Amino acid sequence: MQKKKGIIDFQKMKKEGEKVAWLTCYDYPMAQFQEQAGIDMILVGDSVGMLIYGYTAGTIPVTMDQCIVHAEAVRRGAPNTFVMGDMPFLSYQTTPEEAVRNAGRFYKEAGVDAIKLEGGRRVTKVVKAVVDAGMVVCGHIGLTPQSTGQFGGYKAQGRTAKTANEVIKDARALQEAGAQLLLLEAVAPEVGKFITEDLEIPVYGIGAGIYCDGQLLIAHDMLGIWQAFKPKFVKRYANIAENMVKAFQDYIRDIRESKFPEDIHCYKMIQGETEKLAELVKK
Ligand code: KIV
């Protein structure tokens with residue numbers, strides 16, 4: 001059984017140059033597999049909206065209640081892994097009080113170890129309030145999916161010196177506000193490197209290059225379950241969608257050709273009972 005890592009371990013790993021492996025997860029069995037594999041950290045992302053519920057409006061419709069249900073399942077599947085709950089749209093942008101209450105729900109109802117929220121300087125008041133309530137906050141800057149309307153789509157951020165400087169200012173402001181972890185999404189490796197070296201807190205990347213203190217991928221992307229599109233930063237480690245379709249096709253064919261079920265899949269009558277039954281049902 002793996003020893004559950006905490007924030008002190010992640011700080012130590014940063015100091016010692018040991019990389020953190022981080023994945024998203026939304027359900028009990030996958031959480032078990034990720035823990036068995038030895039993952040350091042799990043994010044119950046609001047990407048659940050697209051990957052599990054099939055929302056075409058991205059993460060925007062996802063509710064706190066949905067996130068809690070999935071976080072509870074993941075917690076049960078991975079009791080010895082650091083689990084982070086992702087604050088969905090409008091669960092923290094309104095007031096710091098509402099943010100504390102919703103972050104607290106993740107802790108009280110799902111037993112998470114941290115929460116993540118999107119935004120830089122514009123959410124520092126909220127970050128401070130959640131930290132002051134005793135919770136671990138992971139900031140998320142660069143491409144923040146809840147604001148893709150403002151970015152004009154899923155676009156890499158900070159690609160000019162001026163906009164990269166804005167991302168750096170956001171990173172510094174989040175650390176100053178008390179965030180203990182930072183996620184950088186879709187920025188050039190130079191920006192990832194600068195922020196990782198500049199901040200004292202661990203900085204992880206999803207599409208932010210090799211220099212970050214660790215990497216996050218969406219499990220459904222790296223497993224090849226999500227087929228609609230593949231962001232540039234995704235490396236596929238399996239093609240589960242193909243395997244599933246093939247298994248479903250084999251099952252359908254077996255049924256149509258009366259090859260399933262076989263003897264080994266069938267219950268047996270107790271000896272002598274078949275003959276008795278024939279007597280009983282006689283008209
Ligand atoms: O919800 C999620 O999976 C995320 C990742 C895109 C970083 O926030």
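Structure: see above.
Draft legend 1. Main features of the nonpolar core. Counting 74 residues, the largest nonpolar core has Trp-22 and Ile-195 as its most contacted members. Non-local contacts of Ile-195, meaning those with residues more than four positions away in its chain, are made with Val-167, Ile-168, Ala-171, Leu-182, Leu-184 and Val-203.

Draft legend 2. Region of interest: the site of the ligand. Every residue lining the ligand is accounted for by Thr-24, Leu-43, Gly-45, Asp-46, Ser-47, Asp-86, Lys-116, His-140, Leu-183, Glu-185, Leu-216 and Ile-218. Contacts to the ligand include Asp-46, whose side-chain N or O atom sits 2.8 Å from an oxygen atom. Lys-116 is positioned such that a nitrogen or oxygen atom in its side chain is 3.0 Å from an oxygen atom of the ligand. Considering the ligand on its own, with 260 Å² of exposed area, one finds that the protein chains cover 97% of that surface.

Draft legend 3. Just the side chain of Asp-86, in detail. Along the chain, Asp-86 turns up in strand β3 (residues 82-86). Among the polar contacts listed, one links the side chain of Asp-86 to the backbone nitrogen of Asp-46, at a separation of 2.9 Å. A polar atom in the side chain of Asp-86 sits 3.0 Å from the side chain of Lys-116. If near-sequence neighbours (up to four positions away) are discounted, Asp-86 is found in contact with Leu-43, Val-44, Gly-45, Asp-46, Cys-67, Phe-106 and Lys-116.

Draft legend 4. Structural detail: the packing of aromatic side chains. Per the stated rule, a full pass over the model turns up five aromatic pairs. Ring plane angle 75 degrees and centroid distance 5.7 Å describe the contact between Trp-22 and Tyr-204, whose orientation is recorded as edge-to-face. With Trp-22 in strand β1 (residues 20-24) and Tyr-204 in strand β7 (residues 203-206), this residue pair connects regions lying 182 residues apart in the sequence. Here the two residues Trp-22 and Tyr-204 agree in accessibility, since each one is buried. Note that Lys-193 overlies the ring of Tyr-211, its terminal NZ or CZ placed 5.6 Å from the centroid.

The rules we used
- Residues numbered from 1 in each chain as written.
- Predicted model: local features only at pLDDT ≥ 70, side-chain atom pairs only at ≥ 80, totals over all residues.
- Heavy atoms only, no water.
- Core = buried A, V, L, I, M, F, W, Y, C linked by side-chain atoms within 4.5 Å.
- Buried < 20%, exposed > 50% of the residue type's maximum accessible area, 1.4 Å probe, protein only.
- Contact = heavy atoms within 4.5 Å.
- Near = heavy atom within 4 Å.
- Polar contact = N/O pair within 3.5 Å; in protein donor to acceptor, adjacent residues only side chain to side chain.
- Areas by Shrake-Rupley, 256 points an atom, 1.4 Å probe, with all protein chains shown as cover.
- Helix = DSSP H or I, 4+ residues; strand = E, 2+ residues; numbered from the N terminus.
- Phe/Tyr/Trp six-rings, centres within 6.5 Å; stacked < 30°, edge-to-face > 60°.
- Lys NZ or Arg CZ within 6 Å of the ring centre and 35° of its normal.

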